[in-house]
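A structural walkthrough
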Amino acid sequence: MTQHFRIGAVAIALLAIPGIAEAHTGHASQFDGLAAGFIHPFGGLDHLLAMVAVGLWAASLGGAARWLVPASFITLMALGAVAGAYGVTLPAAESLIALSVITLGVLVALQVKVPVGAAAAIVALFGLLHGHAHGAEMPAMAQPLGYGLGFVAATALLHGVGLSLGTVLPRLAPKRAVGMAGGAIALAGVTLALPL
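In short, a report on the structure. Just so it is clear, the model here is predicted, and its values are computed rather than measured.

Secondary structure assignment for the protein chain yields eight helices and zero strands. In the protein chain, the order of α-helices and β-strands from amino to carboxyl end is α-α-α-α-α-α-α-α. Looking at the protein chain as a whole, 43% of its 196 residues qualify as buried. Long-range pairs, those at least 24 residues apart, make up 83% of the contacts in the protein chain between residues at least 6 apart in sequence. Total accessible area on the protein chain stands at roughly 9,800 Å², and carbon and sulfur atoms take up 75% of it.

Moving on, we get to the packing of helix α5 (residues 93-109) against helix α6 (residues 116-136). Running from amino to carboxyl end, α5 crosses α6 at an angle of 145 degrees, the nearest separation of the two axes being 10 Å. Judged by the twist between their axes, the crossing of α5 over α6 is left-handed. Of the residues in α6, those touching α5 at L96, I97, S100, T103, L104 and L107 are I122, V123, F126, L129, H130 and A133. Classifying every residue of the contact of α5 with α6 by side-chain character gives nine nonpolar, three polar and no charged.

Its 17 residues give helix α3 (residues 45-61) an end-to-end C-alpha distance of 24 Å, which sits within 8% of 24 Å, the value for a rise of 1.5 Å per residue. The element α3 is largely enclosed, with a buried count of 15 among its 17 residues. In the stretch just after α3, G62 is the one whose phi turns positive, near 70 degrees.

Of the volumes computed, that of the second largest pocket is approximately 240 Å³. Along its surface, the second largest pocket is lined by 14 residues, and A81, V82, P144, G148 and F151 are the ones closest to its centre. The set of elements that each furnish at least two residues to the lining of the second largest pocket consists of α4 (65-85) and α7 (144-172). Residues of the lining of the second largest pocket, tallied by class, amount to twelve nonpolar, two polar and no charged.

Turning next to the environment of A64. Along the chain, A64 turns up in the loop between α3 and α4. For A64 and V116, which are 52 residues apart along the polypeptide, the C-alpha to C-alpha distance reads 7.4 Å.

With that out of the way, let us pick up the nonpolar core. Ranked by internal contacts, the top residues of the largest apolar core, which has 38 residues, are W57, V69, F73, L104 and V123. Looking at this core, the elements with two or more residues in it are α2 (30-39), α3, α4, α5, α6, α7 and α8 (177-193). With eleven residues, α3 is the single largest residue contributor to this core. Once residues lying within four places of it in the same chain are set aside, the contact partners of V123 are V54, W57, V69, S72, F73 and L104.

Attention now goes to the environment of W67. For W67, the location among the structural elements is in helix α4. Residue W67 is classed as exposed on the basis of its relative accessible area, which comes to 57%. Between the alpha carbons of W67 and G55 there is a distance of 9.0 Å; along the sequence they are twelve residues apart.

Glancing now at the packing of α3 against α8. With their axes 10 Å apart at the nearest point, α3 and α8 run at an angle of 155 degrees to one another. As judged from the angle between their axes, α3 and α8 are roughly antiparallel. In this structure, α3 crosses over α8, and the sense of that crossing is left-handed. Note on element contacts: α8 touches α3 through V178, A181, I185, A188 and L192, opposite L45, D46, L49, A53 and L56. Here the residues of the contact of α3 with α8 sort into nine nonpolar, no polar and one charged.

Tracing the backbone through its elements, the reader meets S60 in helix α3. When sequence neighbours within four positions are dropped, the list of residues in contact with S60 reads Q111 and K113.

Rules used throughout
- Residues numbered from 1 in each chain as written.
- Predicted model: local features only at pLDDT ≥ 70, side-chain atom pairs only at ≥ 80, totals over all residues.
- Heavy atoms only, no water.
- Helix = DSSP H or I, 4+ residues; strand = E, 2+ residues; numbered from the N terminus.
- Buried < 20%, exposed > 50% of the residue type's maximum accessible area, 1.4 Å probe, protein only.
- Contact = heavy atoms within 4.5 Å.
- Areas by Shrake-Rupley, 256 points an atom, 1.4 Å probe, with all protein chains shown as cover.
- Axes fitted to C-alpha atoms, helices over the stretch in contact; angles between N-to-C directions.
- Left-handed = near helix turned anticlockwise from the far one by under 90°.
- Nonpolar A, V, L, I, M, F, W, Y, C, P; charged D, E, K, R; others polar.
- Expected span 1.5 Å × (residues − 1).
- 1 Å grid on protein atoms, 1.4 Å probe; cavity = no way out; pocket = protein on both sides within 12 Å on 5 of 7 lines; lining within 4 Å.
- Points joined across faces, edges and corners; volume = space filled by probe spheres on them.
- Core = buried A, V, L, I, M, F, W, Y, C linked by side-chain atoms within 4.5 Å.
- Parallel < 35°, antiparallel > 145°, perpendicular 65-115°, else oblique.

Written out as structure tokens, the structure reads:
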């Protein structure tokens, strides 16, 4: 099985997840929370792009950053989700989330190299913002633990997609492919930041 086929299969599976997750009985259960949490990051381009960008940047940093950078995002995302679920407000949260997409895209596009601790701190701040949105947008009927586990699992999966792309693209595509992907993410972030 070629790398292209595997990446395509993963992409198709990711696109099918929302439909599968909606095929439940309608009774509130832990699965309902898990499904709602899992599909939430896929429902917003800002979340999807930021989480893939974290993986791309971690891959370009290499070494321990490959797991420390995504782990710091997930850890602070979980704390932010608790704050959001309990009604803690963050001023200009949506604008800051769009800014996180732009910043992560630029970091990937320019292949910015910083110490692992600095990279982890940057993405942790962005994880806090994204987590706050996840918690604040938790459906009323969702089971909180299942919902949290769902979006943590989806985030880890999206980080893994970014890590995989950051590893595979330099081997299969032109040298600047990862940088071009980062540029596209940053540009998408700019469009997200613009008022409608």
